[in-house]
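Okay, here's what each chain looks like letter by letter:
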Amino acid sequence: MTHVVSENCIKCKYTDCVDVCPVDCFKEGPNFLVIDPDECIDCAVCVPECPADAIFAEEDLPADQEQFIQINADLTPTFTTITRSHEPLEDADDWNGKTDKLQYLER
Ligand code: F3S
């Protein structure tokens, strides 16, 4: 099992999640973060840190977000390890809660 970053992170990327991860399993892309499923220890401390409520335990993912299990796994090798939070993306608050953001995911 692992935790998974889901769609609402796209175009927000608040990065609060990164600071609490004890195993540095977050990977950063241009407008989205993923969790390395091989490194995640399922501690769940990142879940309440995300202002966008984008992080779920794999078994708790809403049905329409299940594709993000594969997306997190697929992007882990190409995204860069991030261990410190930074400023969210510009307009993050405007994008928080918007639907159909997968089309904007930059890989
Ligand atoms: Fe994304 Fe939430 Fe982390 S918006 S970068 S999963 S704090």
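Preceding block: the structure.
Read on for an overview of the structure.

1. Things to note about the site of the ligand
The environment of the ligand is made up of Val5, Cys9, Lys13, Tyr14, Thr15, Asp16, Cys17, Leu33, Cys50, Pro51, Ala52 and Ile55. Looking at the shell around the ligand, its residues break down into nine nonpolar, one polar and two charged.

2. With respect to the side chain of Lys27
For Lys27, the location among the structural elements is in strand 2 (residues 26–28). Within the buried set, Lys27 has no salt-bridge partner at all; the shortest N-O distance to an opposite charge, 4.5 Å, is to Asp36. There is a polar contact of 2.8 Å between the side chain of Lys27 and the side chain of Thr81. In this structure Lys27 touches Phe32, Leu33, Val34, Asp36, Thr76, Phe79, Thr80, Thr81 and Ile82, once residues within four positions along its chain are discounted.

3. Section: the packing of aromatic side chains
Summed over the entire model, instances satisfying the criterion amount to two aromatic pairs. Relative to Phe68, the ring of Phe32 has its centre 5.9 Å away and its plane inclined at 65°; by these criteria the two rings are edge-to-face. With Phe32 in the loop between strand 2 and strand 3 (33–35) and Phe68 in helix 2 (residues 67–75), this pair connects stretches of sequence that are 36 residues apart. Comparing Phe32 with Phe68 shows no difference in burial state: the two are buried. An angle of 70° between the planes, with centres 5.2 Å apart, marks the rings of Trp95 and Tyr104 as edge-to-face. According to the relative accessible area criterion, Trp95 is partly exposed, its value standing at 21%. Over the face of the ring belonging to Tyr104 we find Lys11, whose NZ or CZ atom lies 5.6 Å from the ring centre. Sitting over the face of the ring of Trp95, Lys98 holds its NZ or CZ atom 5.6 Å from the ring centroid.

Conventions and cut-offs
Residues numbered from 1 in each chain as written. Predicted model: local features only at pLDDT ≥ 70, side-chain atom pairs only at ≥ 80, totals over all residues. Heavy atoms only, no water. Near = heavy atom within 4 Å. Nonpolar A, V, L, I, M, F, W, Y, C, P; charged D, E, K, R; others polar. Helix = DSSP H or I, 4+ residues; strand = E, 2+ residues; numbered from the N terminus. Buried < 20%, exposed > 50% of the residue type's maximum accessible area, 1.4 Å probe, protein only. Lys, Arg positive; Asp, Glu negative; His and termini not counted. Salt bridge = Lys/Arg side-chain N within 4 Å of Asp/Glu carboxyl O. Polar contact = N/O pair within 3.5 Å; in protein donor to acceptor, adjacent residues only side chain to side chain. Contact = heavy atoms within 4.5 Å. Phe/Tyr/Trp six-rings, centres within 6.5 Å; stacked < 30°, edge-to-face > 60°. Lys NZ or Arg CZ within 6 Å of the ring centre and 35° of its normal.

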